[in-house]
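Per-entry structural report
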Amino acid sequence: MNSPESGLWALWSQIGQNIQVLFVAGGLGALAKALVAPEGRWWARIVQAVGGLIFAFCLGPIVANFLTPYAGEEIWAWLAAGFLCGFAGESSVTILQNKLMGGRK
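Below or above, wherever it landed, is the structure these notes cover. (Residues numbered from 1 in each chain as written. Predicted model: local features only at pLDDT ≥ 70, side-chain atom pairs only at ≥ 80, totals over all residues. Heavy atoms only, no water.)

Below, the discussion takes up the overall build of the chain. A tally of helices and strands in the chain yields four helices and zero strands. In terms of overall dimensions, the chain has C-alpha extents of about 45 × 45 × 20 Å along its principal axes. Going through the 105 residues of the chain one by one, you find that 31% of them count as buried. Taking the intrachain contacts of the chain between residues at least 6 apart in sequence as the baseline, contacts between residues at least 24 apart amount to 72%. Taken as a whole, the chain presents about 6800 Å² of accessible surface, with 73% of it coming from carbon and sulfur. Treating the 6 positive side-chain charges of the chain as one cloud and the 5 negative ones as another, the clouds have centres 24 Å apart. (Helix = DSSP H or I, 4+ residues; strand = E, 2+ residues; numbered from the N terminus. Buried < 20%, exposed > 50% of the residue type's maximum accessible area, 1.4 Å probe, protein only. Contact = heavy atoms within 4.5 Å. Areas by Shrake-Rupley, 256 points an atom, 1.4 Å probe, with all protein chains shown as cover. Lys, Arg positive; Asp, Glu negative; His and termini not counted. Charge placed at Lys NZ, Arg CZ, Asp CG, Glu CD.)

Quick look at the pattern of salt bridges now. Evaluation of the coordinates by the stated rule reveals one salt bridge. In this structure, E90 engages R45 in a salt bridge whose closest nitrogen and oxygen atoms are separated by 2.2 Å. Placement of the pair is E90 in helix α4 (residues 74-101) and R45 in helix α3 (residues 42-67), with a sequence separation of 45 residues. (Salt bridge = Lys/Arg side-chain N within 4 Å of Asp/Glu carboxyl O.)

With that settled, consider the packing of helix α2 (residues 17-36) against α3. The contact between α2 and α3 brings their axes to 8 Å, and the two run at 140°. It follows that α2 is oblique to α3 by the angle criterion. Of the two possible hands of crossing, α2 and α3 adopt the one that is right-handed. Counting all contacts with α2, which are made through I19, L22, F23, G26, G27, A30 and A34, the residues of α3 involved are R45, A49, L53, A56, F57, G60 and P61. Grouping the constituent residues of the contact of α2 with α3 by class yields 10 nonpolar, three polar and one charged. (Axes fitted to C-alpha atoms, helices over the stretch in contact; angles between N-to-C directions. Parallel < 35°, antiparallel > 145°, perpendicular 65-115°, else oblique. Left-handed = near helix turned anticlockwise from the far one by under 90°. Nonpolar A, V, L, I, M, F, W, Y, C, P; charged D, E, K, R; others polar.)

A word on the packing of aromatic side chains. Tallied over the entire structure, the rule returns two aromatic pairs. Centroid distance F23 to F57: 5.4 Å. Interplanar angle 15°. Geometry classified as stacked. Note that F23 is positioned in helix α2 and F57 in helix α3, a separation of 34 residues in sequence. The exposure class of F23 is partly exposed, given its relative accessible area of 31%. Residue classification places F57 among the partly exposed residues on the basis of a relative accessible area of 40%. Taking 6.5 Å as the distance between ring centres and 25° as the angle between the ring planes, the aromatic pair formed by F83 and F87 counts as stacked. Remark: F87 and F83 occur in helix α4; sequence separation between them is four residues, near one turn of the helix. (Phe/Tyr/Trp six-rings, centres within 6.5 Å; stacked < 30°, edge-to-face > 60°.)

Now the structure itself:
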């Protein structure tokens, strides 16, 4: 059994709080997109969710820096950025999948 000092838990505790917030908020943004536009193919939904998390991780800090002056606290800017990027990332992957593999228009 893994101890709390090793494995994924250690990695999670070592990354910064802002990155943790991006992953959680990005995942919630991807979940919101999944609830708004259900996908019949489970493998496509998994790819879309991973795409949403990648968008949140890569673009979230940039968006958070733009939102920080308008948020009361910096953490709210990071939460909003993660959610927006997760939602937009999943939408972008859905559009790309439909263009490349056919599907809903």
